[in-house]
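Coordinates in review
Chain residues, written in single-letter form:
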Amino acid sequence: MAPREKIRIGILGASGYTGAELLRLLRYHPQAEIRALTADRHAGKPIGAVFPHLAGEGLPDLVPIGEVDWNGLDLVFCGLPHGTTQEVIAALPRHLKIVDLSADFRLFDTAVYAEWYGHEHRAPELQREAVYGLTEIAREQVRRARLVANPGCYPSSAQLPLIPLIRARVIDPDDIIIDAKSGVSGAGRAAREGSLYCEVAEGIHAYGVAGHRHAPEIEQGLSQAAGRPVVVNFTPHLMPMNRGLLSTIYVRLGAGATLGDLRAVLEQAYEGEPFVRVLPEGSLPATRHVRGTNLCLIGLSRDRMAHRAILVSALDNLVKGASGQAIQNMNVMLGLPETTALEHRALFP
């Protein structure tokens, strides 16, 4: 794009948490021009009636998808619920670039999608076109893409530390345990019993045990890195906090590998990367270190068990785990500086 050309943007599903976060971040993008915002039950309302913190920003009112003028847009972010996006995107004009924040195009194999999501994929020809947008791992593919499937929050936190290590063969891909914990905003804004205050406050619980839909997404990326099928032990937990995600990952060292080798691989893989940082020896990340940012921080520790190591990664599930990475992908797709609108520092403490 020309350096000063405006990007005409639509956000489908703008009344959810990821929609609100897209609007908060795009406020700082000098080339972003928000032209269309859609919602279902909130259609007809100004965005300030749904999110008072976004009032007074000159944003368009929320409308049904059927009322959007697609010819007036260059790029669309889709923040619709899983299972509803495939047919919507398949009907969009071909001139639009698309970043989809749902899970509808993340899995390459449509049979695997059907197994985990309980229905056949409704746009298999479009799935073949989609690029999985873990930006630091697939930057060149994202650069050439029309449709980017934005990764899930848990898969981002797991794959960023693990993929370089598997590629370098310094860990055993058949012995990986991912213990992950996320804030409640990861469950979305829709009213659900499991997201009620009394259900989540003052406690922590595991969910989706041995059956969470992010498992095949994680395994897909790790299998690509290994060049063969990889199965991991992945258990997510819900934490009594609004946002943030921490993954503690237990790995077995590869033959002859040391903790220093793991650190060297990760430091080399992410040298110069603006959003993925390997912390100094003896330092581990916490969710408060990344709150409101597009950062993923990675720490390493020796395990007391022989030939094992512990990785800890932290990110904000609404930013690097969703909307921030979506904007990062947009910047890459359009040839813009990758950090535009994303250079926020963490709100600390």
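The structure reproduced in this document is the subject of the present report. From a predicted model like this one, the values you see are computed outputs, not experimental measurements.

Reported here for the largest pocket is a volume of approximately 1,400 Å³. Together, 46 residues line the largest pocket, and Pro-81, His-82, Ala-187, Gly-188 and Arg-192 are the ones closest to its centre. Elements with a contribution of two residues or more to the lining of the largest pocket: α1 (17-26), α7 (153-167) and α11 (319-333). Taken together, 17 residues form the lining of the second largest pocket, with Tyr-17, Val-184, Ser-185, Asn-242 and Leu-318 sitting closest to its centre.

Its location among the elements puts Gln-159 in helix α7. Among the residues examined, Gln-159 registers a relative accessible area of 1% and is labelled buried.

Moving on, we get to the pairing of strand β14 (residues 308-315). Of all eight residues that make up β14, eight are buried, and the element is covered over most of its length. Residues Arg-308, Ile-310, Val-312 and Ala-314 point to one face of β14 and Ala-309, Leu-311, Ser-313 and Leu-315 to the other, with burial holding for every one of them. Pairing between strand β11 (residues 245-253) and β14: eight bridges, direction antiparallel. Within β14, the position partnered with Leu-245 by the bridge is Leu-315.

All right, on to the pattern of salt bridges then. On inspection of all chains with the given rule, the structure shows 18 salt bridges. A salt bridge links Asp-74 to Arg-8, with the nearest nitrogen and oxygen atoms 2.9 Å apart. Of this pair, Asp-74 sits in the loop between β3 (62-63) and β4 (75-78) while Arg-8 sits in strand β1 (residues 7-12), and the two are 66 residues apart along the sequence. Taking the relative accessible area as the measure of exposure, Asp-74 reaches 23% and is therefore partly exposed. Judged by its relative accessible area of 25%, Arg-8 is partly exposed. Its salt-bridge partner being Asp-175, residue Arg-308 comes within 2.9 Å of it at the nearest N-O pair.

Okay, the sheet that holds strand β7 (residues 147-149) next. Strand order in the open sheet formed by seven strands is β3-β2-β1-β4-β5-β7-β6, and the pairing between neighbours is parallel. With one partner strand each, in any of the chains shown, β3 and β6 (131-132) form the two edges of the open sheet. Of the strand pairs in this sheet, β1 and β4 are connected by four bridges, and their pairing is parallel. When the bridges of β4 are listed, Ile-11 appears paired with Phe-77.

As for its placement among the helices and strands, Ser-323 is situated in helix α11. What Ser-323 contacts, discounting residues up to four positions off in sequence, is Thr-18, Glu-21, Leu-22, Leu-25, Leu-101 and Leu-318.

This part takes up unusual backbone geometry. Here the residue pair Phe-348 and Pro-349 is connected by a cis peptide bond, since its omega of 5° sits within 30 degrees of zero. Here Pro-349 is to be found in the segment after α11. Even without being a glycine, Glu-202 presents a positive backbone phi close to 60°. Examined against the element boundaries, Glu-202 turns out to sit in the loop between α8 (197-200) and β9 (205-206). You can call Glu-202 exposed: its relative accessible area is 80%. Backbone geometry at Ala-341 places phi at a positive 75°, although glycine is not the residue there. Relative to the elements of secondary structure, Ala-341 occurs in the segment after α11. Residue classification places Ala-341 among the buried residues on the basis of a relative accessible area of 9%.

Calculation rules
Residues numbered from 1 in each chain as written. Predicted model: local features only at pLDDT ≥ 70, side-chain atom pairs only at ≥ 80, totals over all residues. Heavy atoms only, no water. 1 Å grid on protein atoms, 1.4 Å probe; cavity = no way out; pocket = protein on both sides within 12 Å on 5 of 7 lines; lining within 4 Å. Points joined across faces, edges and corners; volume = space filled by probe spheres on them. Helix = DSSP H or I, 4+ residues; strand = E, 2+ residues; numbered from the N terminus. Buried < 20%, exposed > 50% of the residue type's maximum accessible area, 1.4 Å probe, protein only. Pairing = 2+ DSSP bridges. Salt bridge = Lys/Arg side-chain N within 4 Å of Asp/Glu carboxyl O. Contact = heavy atoms within 4.5 Å.

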